[in-house]
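Okay, here's what each chain looks like letter by letter:
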Amino acid sequence: MTPEESLHQAINQQVALVPYDPNWPILFAREQERLRQLFGPIFLDIQHIGSTAIPNMLAKPVIDILAGVESMPVAVGLNGPLCNAGYTTSAQFNASLTDRQWFMRWSEGVRTHHLHVVVYGSTQWQERLQFRDALRHNPQLAAQYAALKTQLAQQFDDDREAYTDAKGEFVRAVLGS
């Protein structure tokens, strides 16, 4: 498979949930260390978020990473350096965002990491950590989320954006917004 074919396959990968893998925190820690070595103090903090950060949660096997920076101009300025470090992104998608920048790593046609670069301490930063922590500390809430994800993965198996959007009401309810 050529690099272009691999990227195309990763971009168009279906929504598929798998049981929790205890290696996910290890994979996060490796990428966290790699990002720290490459970018030093530019990232003020790097956190593991998303379903792979929730023990026993079924998930798409993609490590979601939240990286905090000083400002959005710093986040935008990382587009080239992060792409040179093995990530890819959609310039069009990122141009539509005002509160974050999004990047993806992949290998052999499969997504491996999503990197969300936001302003450290911002609403985006706080809400993503608040949601993760709520699921980590409330098994009943985590079970409700897992059931919703299962239903939505079946409904939107070929539309990642619709799958993500459909989880929004649940996320907002957990955040109390």
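Residues numbered from 1 in each chain as written. Predicted model: local features only at pLDDT ≥ 70, side-chain atom pairs only at ≥ 80, totals over all residues. Heavy atoms only, no water.

### Regarding unusual backbone geometry
It is generally the case that most residues other than glycine have a negative phi and that most peptide bonds are trans. The phi angle at Asn 56 is positive, at roughly 70 degrees, despite the residue not being glycine. Tracing the sequence through the fold places Asn 56 in the loop between strand S1 (45-49) and strand S2 (63-69). Take Asn 56: its relative accessible area is 68%, and that puts it in the exposed class. Backbone geometry at Glu 108 places phi at a positive 50 degrees, although glycine is not the residue there. Along the chain, Glu 108 falls in the loop between strand S3 (101-107) and strand S4 (110-119). A relative accessible area of 67% places Glu 108 in the exposed class. (Helix = DSSP H or I, 4+ residues; strand = E, 2+ residues; numbered from the N terminus. Buried < 20%, exposed > 50% of the residue type's maximum accessible area, 1.4 Å probe, protein only.)

### Things to note about the layout of surface pockets
Considering only enclosed or pocket space, the largest pocket measures out at about 1,300 Å³ in volume. Contributing to the lining of the largest pocket are 43 residues, with Arg 100, His 116, Arg 128, Thr 164 and Lys 167 lying nearest its centre. Secondary-structure elements contributing two or more residues to the lining of the largest pocket are helix H1 (3-11), S3, S4, helix H6 (123-137), helix H7 (139-155), helix H8 (160-166) and helix H9 (168-175). It is H6 that contributes the most residues to the lining of the largest pocket, 6 residues altogether. (1 Å grid on protein atoms, 1.4 Å probe; cavity = no way out; pocket = protein on both sides within 12 Å on 5 of 7 lines; lining within 4 Å. Points joined across faces, edges and corners; volume = space filled by probe spheres on them.)

Remember, this is a structural readout, not a statement about activity or role.
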